[in-house]
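# Descriptive analysis of the structure
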Amino acid sequence: MCGIVGYIGKQKASSIMLEGLKRLEYRGYDSAGLAVLQNDGVTVIKKIGRVDNLSAHAAKQKLSGHVGISHTRWATHGGVTDANAHPHVSSDGKIVLVHNGVIENYVAIKKFLLTKGYDFESETDTEVLCNLIAYHYAKEPENGEGTRLLDSVRKTLSHVEGTYGIAVVCTERPDEMVAARKGSPLILGVGDHEHIIASDVSAIISRTQNVVYLKDGELVHIAKGGFTISTLDLTDVSPVIDTVTWSVDDAELGDHDHYMLKEIFEQPAALENAMRGRFSADGSTANFGGLNLTAADFRQIDRFVFTSCGTGWHACLVAEHLIERYARIPVEVDYASEFRYRNAPLDRDALFFVISQSGETIDTLAALREAKRKGYKCMAICNVVGSTIARESDGGIYQHAGPEIGVASTKAFTSQLMISAMFALYVARMRDMSFADGVDYVNALKQVPAKVTRILQQADAIADIARRYAKYNDFLFLGRLSLFPIALEGALKLKEISYIHAEGYPAAEMKHGPIALISEECPSVFLVPKGELFNKVVSSMQEIKARKGRIIAIILEGCELPEGLADDVITIPDCHDAALPILATVPVQLLSYHIAVARGCDVDKPRNLAKSVTVE
Ligand code: M6R
């Protein structure tokens, strides 16, 4: 939530920040602002609306300074107004701040600052933080070491409860910047005679691939062309500079109309990347070097606990199905936000997993920390390398799906399904799965990218179907077993990007309540399995048809539905059961995407949402 870009170097700060903000806009897009230090003062522009609006206003001003901070906002405290947008300037005009996170004790701090004569123009917790820095800065003596601003920020943060990623500049110190984080991601890009502070890598990769991932409780002080990192308790930190493995082109839209569509089409490559180098030489199982556990360790595990949020939670449900089916080990799935507070009793030999594309979702991070606090080993399945969850887990599996910019998760989800399928195989082969079944399973997974490509070749036909259904305001998505989570995912995708009310249900549950919704005005999307449940699902479809409900059926090639039962049919290639959830996902993604486009929705930036939810 919220994006931060700060620049200090030799170039025009405003241009670099605006480019960075544009790339970070998926983090929050209700307002945007920037501040540039120049002419012994600061120029601040902040506007409600998108970054393009800010750029238009910035173009009217002379912004020549080389140091600045900027922000895209996803409102928490205070409505969407110009005044509440960041950056905020302290009432003495000296301190300028952008902030991502929530200051929980801001009311008490504000009361204190009011007694000291500080004024407030906004309703935000951020302005309170800004004035508290100004208060400490005013009290802090010049120390000859050039650390007055750093020391004031450090003192301020020691009085603050809550979460923050911040970047701070001071009109009296035009060649300095201080940034700090606790609970909100922040990185430092180290370029050629320039430094960039940002909420994530996408904002900096056009300038540099050298990056320092700041940890919670760390402050970075950039001055005199260099930087130092220290902690809140004054310990110096030796910086580790990592190299980002993806390039600026990976985060470009290219010929696609939307990032979501681009990312749907990137799925064959993302799935290949999830598998690359992870099958054993004999082709009968998977290998995961990053789990840091031996086969003997795995034999001690009698339960897995999977937690996540949103789409990742649907991936957990698929993991549960596959692990229980193939490895016969019990799996518990919990929403991360619930796990954190419900003090769940866990088996002594449980292994804890979190799934997070961004690796920054605060609820998932909190669940991970809670499980670690209780002494459990915690693994993470993450896409973003170096993310907080990836770093704080005891081991894990990187997805290597490449940057996902569209707010609606697509390629990250199917990549999580692929990793879940491979992990189920990995533990199944340590238990009862035979060598021959393992080889079949591996071969089936290797065919998935090509099969996804075949589904993508039907994109125009799926778009035609979508346009015919775009007028409806209620949808049901129905599936069974491993296709039930895909029904949930289909409903979530449609809700997120087209604002249509949609629900996912196990197909057989429909008759226990949701069937009351069925009419000509409420279509159902059926995810039809093969095998023993095929006829059962067909019966559920008959029940809908008998009530004049329209049906879109997603079926496997070779399966035949009774004549006229479905109004529209999308076929997916026949496949191994472990691959079925992946293949069934692609048509529901395309349906949702094209329905949203037909309704004129802003697919990549749906209302009220942000890509990475870093506040509770
Ligand atoms: O980055 P994460 O995987 O931790 O994000 C979790 C959810 O916020 C995310 O999946 C969300 O539900 C997406 N918008 C779904 O499309």
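Scoring rules and cut-offs
Residues numbered from 1 in each chain as written. Predicted model: local features only at pLDDT ≥ 70, side-chain atom pairs only at ≥ 80, totals over all residues. Heavy atoms only, no water. Helix = DSSP H or I, 4+ residues; strand = E, 2+ residues; numbered from the N terminus. Rg over C-alpha atoms; globule rule 2.2 N^0.38 Å. Buried < 20%, exposed > 50% of the residue type's maximum accessible area, 1.4 Å probe, protein only. Contact = heavy atoms within 4.5 Å. Phe/Tyr/Trp six-rings, centres within 6.5 Å; stacked < 30°, edge-to-face > 60°. Lys NZ or Arg CZ within 6 Å of the ring centre and 35° of its normal. Core = buried A, V, L, I, M, F, W, Y, C linked by side-chain atoms within 4.5 Å. Domains from an automatic or database assignment. 1 Å grid on protein atoms, 1.4 Å probe; cavity = no way out; pocket = protein on both sides within 12 Å on 5 of 7 lines; lining within 4 Å. Points joined across faces, edges and corners; volume = space filled by probe spheres on them. Polar contact = N/O pair within 3.5 Å; in protein donor to acceptor, adjacent residues only side chain to side chain. Pairing = 2+ DSSP bridges. Salt bridge = Lys/Arg side-chain N within 4 Å of Asp/Glu carboxyl O.

What follows covers the overall build of the chain. Along its length, the chain carries 19 helices and 25 strands. Against the globule reference of 25 Å for 616 residues, the chain gives a C-alpha radius of gyration of 26 Å, in line with a compact fold. Based on the C-alpha atoms only, the size of the chain along its principal axes is roughly 80 × 55 × 40 Å. Counting across all 616 residues of the chain, residues that qualify as buried make up 61%. The contacts of the chain with a sequence gap of at least 6 include a subset with a gap of at least 24, amounting to 70%.

This brings us to the packing of aromatic side chains. As enumerated under the stated definition, the model contains 17 aromatic pairs in all. Relative to Tyr135, the ring of Phe112 has its centre 5.1 Å away and its plane inclined at 90°; by these criteria the two rings are edge-to-face. Linking Phe112 in helix α3 (residues 106-115) with Tyr135 in helix α4 (residues 125-139), this pair joins segments that are 23 residues apart in sequence. The partly exposed category is assigned to Phe112, whose relative accessible area is 33%. Their ring planes at 80° and their centres at 6.4 Å tell us that Tyr118 and Tyr135 sit as a pair that is edge-to-face. Of the two residues, Tyr118 sits in the loop between α3 and α4 while Tyr135 sits in helix α4, which places them 17 residues apart along the sequence. For the pair shown, Tyr118 and Tyr135 are each scored as buried. Across from the ring centre of Phe120, 5.0 Å away, lies the NZ or CZ of Lys110, which sits over that ring. Above the face of the Tyr137 ring, Arg148 is positioned so that its terminal group lies 3.9 Å from the ring centre.

What follows covers the nonpolar core. Membership of the largest hydrophobic core comes to 118 residues, with the highest contact counts inside it found for Phe298, Phe304, Phe306, Ile323, Phe423, Phe475 and Met541. The leading source of residues in this core is helix α13 (residues 411-430), at 13 residues. Split by domain, this core shows at least three residues from each of two domains, domain 2 (253-446) and domain 3 (452-616). Judged by nonpolar contacts, the second largest core, of 33 residues, contains Tyr26, Ala203, Trp246 and Ala251.

Within the fold, His136 resides in helix α4. Residues His136 and Lys155 lie 19 residues apart in sequence; the distance between their C-alpha atoms is 7.0 Å. Residues contacting His136, with those up to four places away along its chain left out, are Ser152, Lys155, Thr156 and His159.

What follows concerns the pairing of strand β6 (residues 95-100). Counting buried positions over the 6 residues of β6 gives 6, a clear majority of the element. Side-chain alternation along β6 places Ile95, Leu97 and His99 on one buried face and Val96, Val98 and Asn100 on a second face that is also buried.

The subject of this paragraph is empty space enclosed by the protein. If a probe as big as a water molecule is rolled over the atoms, it shows which places are left empty. Scanning all chains against the criterion turns up 1 cavity of 30 Å³ or more. One number sums up the size of the largest cavity: a volume of about 80 Å³. Surrounding the largest cavity, 13 residues form its lining, Cys2, Thr76, His86, Gly101 and Thr126 being those nearest its centre. Put simply, the parts of the chain that give the lining of the largest cavity at least two residues each are β6 and α4.

The next point concerns the side chain of Glu176. Along the chain, Glu176 falls in strand β8 (residues 173-182). Given a relative accessible area of 9%, Glu176 falls into the buried group. At a separation of 2.9 Å, a polar atom in the side chain of Glu176 contacts the side chain of Arg173. Residues contacting Glu176, with those up to four places away along its chain left out, are Ile8, Val67, Gly146, Leu149, Val169, His221, Ile222 and Ala223.

Turning our eyes to something else, we now look at the pairing of strand β2 (residues 31-38). Burial within β2 is extensive, with 8 of its 8 residues counted as buried. Here β2 shows no split at all, with Ser31, Gly33, Ala35 and Leu37 on one side and Ala32, Leu34, Val36 and Gln38 on the other all buried. Where β2 lies against strand β3 (residues 41-48), 8 bridges are found, and the strand directions are antiparallel. Within β3, the residue paired with Leu37 across the bridge is Val42. The antiparallel pairing of β2 with β3 creates a hairpin that spans 2 residues between the two strands, and Asn39 there sits at a positive phi of about 50°.

Further remarks concern the pattern of salt bridges. Within the structure shown, the criterion is met by 33 salt bridges. For Arg348, the salt bridge is made with Asp349, and the minimal N-O distance between the two is 4.0 Å. Relative accessible area serves as the criterion here: at 27%, Asp349 is assigned to the partly exposed category. Ionic pairing is found between Lys493 and Glu496, a salt bridge with its closest N-O pair at 3.7 Å. You can see Lys493 and its partner Glu496 sitting in helix α17 (residues 484-498), 3 residues apart, about one turn around the helix. By relative accessible area, which is 0% here, Lys493 ends up buried.

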